[in-house]
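A look at the structure
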Amino acid sequence: TADGADLVCVSAPGGAIAPVPNWTLQGRQLMNGTSMSSPNACGGLALLLSGLIARGAKWSVRRVRLAIEATALTTPNAAG
C-alpha cells in the first residue's frame, strides 16, 4: 500500500470450524470468525517452524513467508 503496509497474502478458514474442546461438555459445536481462523493459521505455522527446527534447517521469516505463499491453494469461493 502507499503507506508501506503489507497486504494479506494468505488467509485461513474462519467458518464452520468444529474443534470442540472436551471442557465444553458438548458433543458438537460449530464456531466462526477470526477467533477460529487465527489459531488455525498460527498452528499450521507453528508446525512448520517446529519441523524446520527439528531438522536443523536454516530458515528466515522471509523464506518461510515465501514458502507459505508459494504453496497456498486458492479456494474457489474466495473473494478479493
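Since the model is a prediction, treat every value here as computed from it, not as a measurement.

1. Considerations on a nonpolar patch on the surface
Residues Ile-53, Trp-59 and Val-61 make up a contiguous nonpolar surface patch of roughly 340 Å² in combined accessible area. Counting through the fold element by element, Val-61 comes out in helix H2 (residues 61-71). Judged by its relative accessible area of 68%, Val-61 is exposed.

2. Some points on the pattern of salt bridges
Here the structure, examined in full by the defined rule, presents one salt bridge. Residue Arg-65 is joined to Glu-69 by a salt bridge in which the shortest nitrogen-to-oxygen separation is 2.7 Å. Here Arg-65 pairs with Glu-69, and both are found in helix H2, just four residues apart, close to one helical turn.

3. Digging into the environment of Cys-9
You can see Cys-9 is positioned in the segment before helix H1 (34-55). Given a relative accessible area of 43%, Cys-9 falls into the partly exposed group. For the pair formed by Cys-9 and Ala-72, sequence separation is 63 residues and the distance between their alpha carbons is 9.2 Å. With sequence-adjacent residues up to four places away left out, Cys-9 is seen in contact with Arg-65 and Glu-69.

Scoring rules and cut-offs
Residues numbered from 1 in each chain as written. Predicted model: local features only at pLDDT ≥ 70, side-chain atom pairs only at ≥ 80, totals over all residues. Heavy atoms only, no water. Patch = residues over 30% accessible without salt bridge, like charges linked within 9 Å, V, L, I, M, F, W, Y side chains within 5 Å. Areas by Shrake-Rupley, 256 points an atom, 1.4 Å probe, with all protein chains shown as cover. Salt bridge = Lys/Arg side-chain N within 4 Å of Asp/Glu carboxyl O. Helix = DSSP H or I, 4+ residues; strand = E, 2+ residues; numbered from the N terminus. Buried < 20%, exposed > 50% of the residue type's maximum accessible area, 1.4 Å probe, protein only. Contact = heavy atoms within 4.5 Å.

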